[in-house]
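# Observations on chain architecture
So you can see what is in the structure, the chains are spelled out below.
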Amino acid sequence: MSNLNDIKLIKLIKAGDIGAFAQLIDKYQHMAYTLANSIVKNKQEAEEVTQDAFYKAYKALDKFKGDAEFSTWLYRIIYNTAISKMRGRKAETSDLDNKEVEKQETPSFSDNLNRLEQKERKVILKKALSKLKEQDAFIIILYYYKEQSIEEIEQATGLSKSNVKIKLHRGRKQLQKELETLLQDELKSFI
């Protein structure tokens with residue numbers, strides 16, 4: 001089931017080839033960081049989570065059975081590591097972002113999004129994702145960005161299939177709402 005290249009690298013790592021693990025890190029580090037950052041929402045902490053997750057994966061590689069994709073197994077480690085990091089934080093209760101947004105007649109959401117350049121879209125999307133609940137952002141990134149199936153997300157998060165679907169649905173709605181708000185603000189800045 002796993003990527004054949006990943007399986008070969010894992011065999012080499014188990015045989016003592018640390019360079020093979022560096023190849024796995026190179027292959028998955030960007031996505032690992034993106035997923036970690038979607039939960040902890042802090043660049044430095046996301047880097048720490050990513051490093052910790054790769055270290056844990058290396059130490060637990062003997063437990064990887066190959067019955068799921070290596071990436072799914074790794075994403076589960078990243079998810080658990082990031083959640084543990086969040087639990088270690090003090091609860092932050094200030095909610096400075098609760099502003100009422102003036103409702104004005106503006107072009108539709110899809111019209112606005114189509115007007116933005118590709119680079120601007122990525123910036124806006126990252127901002128919107130950062131406003132989602134950690135778990136919802138993680139699931140959306142896995143589903144759309146990494147094109148993971150519901151079953152693979154279920155394995156990566158430990159959530160039930162129905163819970164993944166609910167969180168994916170809720171995350172989509174919240175993402176659309178955040179994008180609409182950001183795009184309205186973007187339009188106001190041009191006017």
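These notes cover the structure that comes with them. (Residues numbered from 1 in each chain as written. Predicted model: local features only at pLDDT ≥ 70, side-chain atom pairs only at ≥ 80, totals over all residues. Heavy atoms only, no water.)

### Structural notes on unusual backbone geometry
The phi dihedral of K41 is positive, around 55°, even though this residue is not glycine. Note that K41 resides in the loop between helix 2 (18-40) and helix 3 (43-59). A positive phi angle, close to 50°, is found at E147, a residue other than glycine. Relative to the assigned elements, E147 resides in the loop between helix 7 (134-145) and helix 8 (150-157). (Helix = DSSP H or I, 4+ residues; strand = E, 2+ residues; numbered from the N terminus.)

### A short note on helix 4 (residues 70-88)
The end-to-end C-alpha distance of helix 4 is 27 Å, a good match for the 27 Å that 19 residues give at a rise of 1.5 Å each. Buried within helix 4 are the following residues: F70, S71, T72, W73, L74, Y75, I77, I78, Y79, T81, A82 and I83. (Expected span 1.5 Å × (residues − 1). Buried < 20%, exposed > 50% of the residue type's maximum accessible area, 1.4 Å probe, protein only.)

### Considering the environment of I25
Locating I25 in the fold gives a position in helix 2. Residues I25 and F54, spaced 29 residues apart in sequence, show a C-alpha to C-alpha distance of 7.3 Å.

### A short note on the packing of helix 7 against helix 8
For the pair helix 7 and helix 8, the least separation of the axes is 10 Å and the interaxial angle reads 140°. For the element pair helix 7 / helix 8, the angle class is oblique. Crossing of helix 7 over helix 8 shows right-handed handedness. Across the interface between the two elements, F138, I139, L142 and Y143 from helix 7 touch I150, I153, A156 and T157 from helix 8. When grouped by side-chain class, the residues that make up the contact of helix 7 with helix 8 number seven nonpolar, one polar and no charged. (Axes fitted to C-alpha atoms, helices over the stretch in contact; angles between N-to-C directions. Parallel < 35°, antiparallel > 145°, perpendicular 65-115°, else oblique. Left-handed = near helix turned anticlockwise from the far one by under 90°. Contact = heavy atoms within 4.5 Å. Nonpolar A, V, L, I, M, F, W, Y, C, P; charged D, E, K, R; others polar.)

### Structural notes on the packing of aromatic side chains
Each aromatic ring pair is summarised here by two numbers: the centre-to-centre distance and the angle between the ring planes. Applying the stated criterion across every chain yields a total of eight aromatic pairs. Seen from their ring centres, F70 and W73 are 5.7 Å apart, and the 40° between their planes marks the pair as tilted. Note that F70 and W73 are positioned in helix 4 at a spacing of three residues, about one turn of the helix. Between Y79 and F138, the aromatic rings sit 4.9 Å apart at their centres with planes inclined by 45°, giving tilted as the arrangement. Highlighted residues: Y79 in helix 4 and F138 in helix 7, separated in sequence by 59 residues. The same class applies to Y79 and to F138, which are both buried. An aromatic cluster is present here, built from Y28, F64, F70 and W73 joined pairwise through their rings. (Phe/Tyr/Trp six-rings, centres within 6.5 Å; stacked < 30°, edge-to-face > 60°.)

Limitation: the analysis is restricted to geometry and does not speak to function.
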